[in-house]
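Chain by chain, the residues:
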Amino acid sequence: MKKKGKELTPHIGIFGKRNMGKSSIINALAGQKLSIVSDKPGTTTDPVKKTIEIKNIGPVILIDTAGIDDTGFLGKQRIEKTLKILDEIDLAILVVENCKTEDFDEKLIKLFKKNTLPYFIISNKNDIHNCGIDKAEILEKKHNTTTLLFSATKFTSEEREKIFDTIKKLLPESSYKKKSLLADLISQGDIVVLVTPIDEEAPEGRLILPQVQTIRDILDNDAIAVVTKERELDITLKRIPNPTLVITDSQVFNKVAATVPEYIPMTSFSILLARQKGDFEAYIKGTPYISKLKDGDKVLLLESCTHQVSCDDIGRIKIPRWIRNFTGKQLEFEVVSGLDSLPNIKQYAMVIQCGGCVVTHKQLKSRLKRAIKENIPVSNYGMTIAYVHGIFPRAVKPFLKTAEDKSIYL
């Protein structure tokens, strides 16, 4: 997990009815007993996450889910938690036995397809059923996906490797290969100035994750990173008067924009992250809706992580204050942290998402999907801050390639 960070760790969900051996498969893949195994149906109650390493991919998180055929009041709740996992994962594994899919399995497959989620099937307990290659091929043709024969209690290394090979084949590269933040904006030898305030939210002795990611990306593109605080920006620009790009923390966007000449492209760390793994087009379209907010409107703020709230918290304190000052309207703000379930989305006039530096691309897009489907405008922290400080056009200009885009958004 330390190698890449949680935001680039693929999530793989293992689904199926109770007592199909889902937990045993996880243990077999990990080479150790990570999940409790029992012949009693329903041993796995809530989704359980386990991390293993796969060659050429790195760490992946396997999610062991409760049986989709669970019963009773608690069983219904466990099924709901299992289905919520579909919004988090990048790949699904459906576990059956004797090469047969039943109604519960067919419903899962429909949900996989509805969520455009790649999946494959493992027919477990093959040492008992020995359903054979012919039945496996029939199941493959029926669902147009790979079917593997396996026995979690008596497996060979070859069978285990087949599962890993199938994961490698079907897992989207975007879930473990990071898209460059700046490759289309900078070239070898370019100088990029990074403005990084040191405030209460900056961990002592460290930079925050988006700043670290940006520095690494600049180096990966054979360019030069110059890091400064906002107070030293004047001195920096005197010594380096023509940097290729200036990237700033959103909180000091206004101050930095006043210092950096107009001819120098400028954006923020948050906007870079939004382009990398958020719904960038939806953000650009939705952000100007801030000017249309009315008295009494409710705005939902989405935080991807949980953290200790300071008296000057960017999401909970500063953004609501800035939006109220900008619009002059009496607005209500609500915050949902982590990956908690969202309330009734239709009650909100607008949704504003944080940079999402600790969640996956799939998790972030799934989180915004409901709002976008209901035509509720969405933005992110960096774009919102740029907009209410009057510098939104400048902040997004480096990323608008066509004349049509520029005429619409600038």
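This is a predicted model, so every value here is computed, not measured. (Residues numbered from 1 in each chain as written. Predicted model: local features only at pLDDT ≥ 70, side-chain atom pairs only at ≥ 80, totals over all residues. Heavy atoms only, no water.)

Enquirer: What am I meant to see in the overall build of the chain here?
Expert: Each helix and strand in the chain was counted, giving 16 helices and 14 strands. Per-residue burial over the chain gives 53% buried out of 410 residues. Total accessible area on the chain is roughly 19900 Å²; 50% of this is exposed by carbon and sulfur atoms. (Helix = DSSP H or I, 4+ residues; strand = E, 2+ residues; numbered from the N terminus. Buried < 20%, exposed > 50% of the residue type's maximum accessible area, 1.4 Å probe, protein only. Areas by Shrake-Rupley, 256 points an atom, 1.4 Å probe, with all protein chains shown as cover.)

Enquirer: How do you make sense of the sheet that holds strand S3 (residues 58-64) when you look at a structure like this?
Expert: Neighbouring strands of a sheet are bound in pairs by backbone hydrogen bonds; such pairs are parallel or else antiparallel. Taken in spatial order, the 6 strands line up as S2-S3-S1-S4-S5-S6 in an open sheet, and their pairing is mixed. Of all strands in the sheet, those with a lone pairing partner are strand S2 (48-54) and strand S6 (147-149), marking the two edges. In this sheet, neighbouring strand axes are inclined to one another by 25 degrees on average, regardless of whether the strands run parallel or antiparallel. In this sheet, strand S5 (residues 119-124) lies alongside strand S4 (residues 91-97) in parallel orientation, the contact comprising 6 bridges. (Pairing = 2+ DSSP bridges. Axes fitted to C-alpha atoms, helices over the stretch in contact; angles between N-to-C directions.)

Enquirer: I tried to follow the packing of helix H12 (residues 314-327) against helix H14 (residues 381-388) on my own but got confused; where do I start?
Expert: The contact between H12 and H14 brings their axes to 10 Å, and the two run at 30 degrees. Considering how the two elements wind past one another, H12 and H14 form a crossing that is left-handed. The segment H12 lies against H14, with Ile 314, Gly 315, Ile 319, Trp 322, Ile 323 and Phe 326 engaging Tyr 381, Thr 384, Ile 385, Tyr 387 and Val 388. Residues that form the contact of H12 with H14 fall into these classes: 9 nonpolar, 2 polar and no charged. (Left-handed = near helix turned anticlockwise from the far one by under 90°. Contact = heavy atoms within 4.5 Å. Nonpolar A, V, L, I, M, F, W, Y, C, P; charged D, E, K, R; others polar.)

Enquirer: When you look at the sheet that holds strand S9 (residues 245-248) in this model, what are you seeing that I'm missing?
Expert: Ordered by their spatial adjacency, 4 strands build an open sheet running S8-S7-S9-S10, and the pairing between neighbours is parallel. Bordering the open sheet on either side are strand S8 (224-228) and strand S10 (266-268), each of which pairs with just one other strand. Averaged over all pairs of adjacent strands, the angle between their axes in this sheet comes to 25 degrees, without regard to strand direction. Bridge analysis of strand S7 (residues 191-195) against S9 gives 4 bridges, and the strand direction is parallel. By the bridge assignment for S9, Val 193 is matched with Val 246. Contacting S7, S9 and S10, helix H10 (residues 269-277) crosses the sheet at an angle of about 75 degrees to S10.

Enquirer: How should helix H1 (residues 22-30) be read in this particular structure?
Expert: Two residues of an α-helix separated by three or four positions point the same way, owing to the 3.6 residues in each turn. By the criterion of burial, H1 is predominantly enclosed, with 9 of the 9 residues buried. Along H1, the positions that sit buried rather than exposed are Lys 22, Ser 23, Ser 24, Ile 25, Ile 26, Asn 27, Ala 28, Leu 29 and Ala 30. Looking at the buried residues of H1, the elements they touch are strand S1 (11-16), S2, S3, S4, S5 and helix H6 (157-170). Among the residues trailing H1, Gly 31 stands out with phi positive, at a value near 75 degrees.

Enquirer: Got a minute to help me understand the nonpolar core in this structure?
Expert: If you look at soluble globular proteins, the nonpolar side chains tend to sit buried side by side. Core analysis: the largest hydrophobic core is formed by 70 residues, its most contacted members being Leu 182, Ile 323 and Val 351. Sorting elements by how many residues they give to this core places H14 first, with 6 residues. Ignoring any residue separated from it by four or fewer positions in sequence, one finds Leu 182 in contact with Thr 214, Asp 217, Ile 218, Asn 221, Leu 245, Ile 247, Leu 272 and Arg 275. Counting residues in hydrophobic clusters, the runner-up holds 26 residues, among them Ile 57, Leu 62, Phe 120 and Ile 167. (Core = buried A, V, L, I, M, F, W, Y, C linked by side-chain atoms within 4.5 Å.)

Enquirer: Looking at this model, I keep getting lost on the confidence of the model for the chain. Mind explaining?
Expert: Scored by pLDDT, the chain has a mean of 86; 88% of the residues are at 70 or more. The low-confidence segment residues 1-5 (pLDDT under 50) makes 9 contacts with residues lying over four places distant or belonging to another chain. (pLDDT = per-residue confidence, 0-100.)

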